[in-house]
Amino acid sequence: MNFSSKLLEQAVDEFGRLPGIGRKTALRLVLHLLKQSNTEVSRFTQSLNNLKENIKYCSTCFNISDEATCEICQSLKRDKLTICVVEDTRDVMAIENTNQYQGVYHVLGGLISPMDGIGPADLKIEGLIDRLRNGEISEVILALSATMEGDTTIFYLYRKLKEFNVQVSTIARGIAFGGELEYVDEITLGRSIATRVPYERNVG
C-alpha cells in the first residue's frame, strides 16, 4: 500500500495495531478522522487519554471500573455468595445483558495458554483463591469460553477449588466448542447460566 504522506502512513500503522483492524480498515478510519473537525478529533483523542489515565480495575473482582470498587461489587442487591469467573470484561458485559445472573464476578484477565506463554501466574487466580479464603462463598461458576484454552483453565481452577467447601459449576454447553462468550446470543448465554451444571459431572 503506497501512501502520499508519511503522517498518513504512521497513523494507519497505529490503527492497524488494533485487534481485528487490517490496513484497509485502518486507512478508512484515518481518512474518516481527517474529515472531522478539530473539535471532534480532540474529543476523540481526549476520551482515549482519559480512559488510559483514569481507568481502574476493581480491587475485588478485577473488572474495569471508574472507582476502586466496581458498581457490581458495591451493589447491595447482588448475591455475594455466588462468584461467576470469566475471562475478561467483555464476558461480564455479555452475561449482564442476559439479566439472568444476580451474583458477582471474578475477571481472570485471560486464559491459560502455554502456546502463548500464558500460565496460571499470569492470571488473577490467586485473587479468586483469596476471596474464597476470606468470604463465605457457596458457589463458583466457571463461565469460560468453550475452547481448548477455556477448558484447560476450567480444569486447573477446579483442582484449585476442590480444597474449599464450595460448589463448582460450569455453564451448560448450549455453546458450540470453539465459541467465545462475547459472540453468543443473549438467550443462549442466559439459558447456559440458568441451567449450569456441577463441574464434577464433566470430569471423567
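Residues numbered from 1 in each chain as written. Predicted model: local features only at pLDDT ≥ 70, side-chain atom pairs only at ≥ 80, totals over all residues. Heavy atoms only, no water.

By the naming in an unreviewed UniProt entry, the protein chain is Recombination protein RecR, taken from Sphingobacterium pedocola. Recorded in UniProt under Function (unreviewed entry), the annotation for the protein chain is "May play a role in DNA repair. It seems to be involved in an RecBC-independent recombinational process of DNA repair. It may act with RecF and RecO." If you open the UniProt record of the protein chain and go to Sequence similarities (unreviewed entry), you find "Belongs to the RecR family." (UniProt positions renumbered as here; feature names shortened; annotations may be inferred.)

(A) Fine view of unusual backbone geometry. Residues other than glycine seldom take positive phi values, yet Phe-62 does so here, at roughly 70°. One can find Phe-62 in the loop between strand S1 (56–57) and strand S2 (64–65). Phe-62 sits in the partly exposed class, given a relative accessible area of 22%. (Helix = DSSP H or I, 4+ residues; strand = E, 2+ residues; numbered from the N terminus. Buried < 20%, exposed > 50% of the residue type's maximum accessible area, 1.4 Å probe, protein only.)

(B) Just the packing of helix H6 (residues 125–134) against helix H7 (residues 148–161), in detail. Running from N to C, H6 and H7 cross one another at 30°; their axes reach a closest spacing of 11 Å. The hand of the H6/H7 crossing is right-handed. Between H6 and H7, the contacting residues are Ile-125, Glu-126, Leu-128, Ile-129 and Leu-132 on the first element and Tyr-156, Leu-157, Lys-160 and Leu-161 on the second. Of the residues that constitute the contact of H6 with H7, the class distribution is 7 nonpolar, no polar and 2 charged. (Axes fitted to C-alpha atoms, helices over the stretch in contact; angles between N-to-C directions. Left-handed = near helix turned anticlockwise from the far one by under 90°. Contact = heavy atoms within 4.5 Å. Nonpolar A, V, L, I, M, F, W, Y, C, P; charged D, E, K, R; others polar.)

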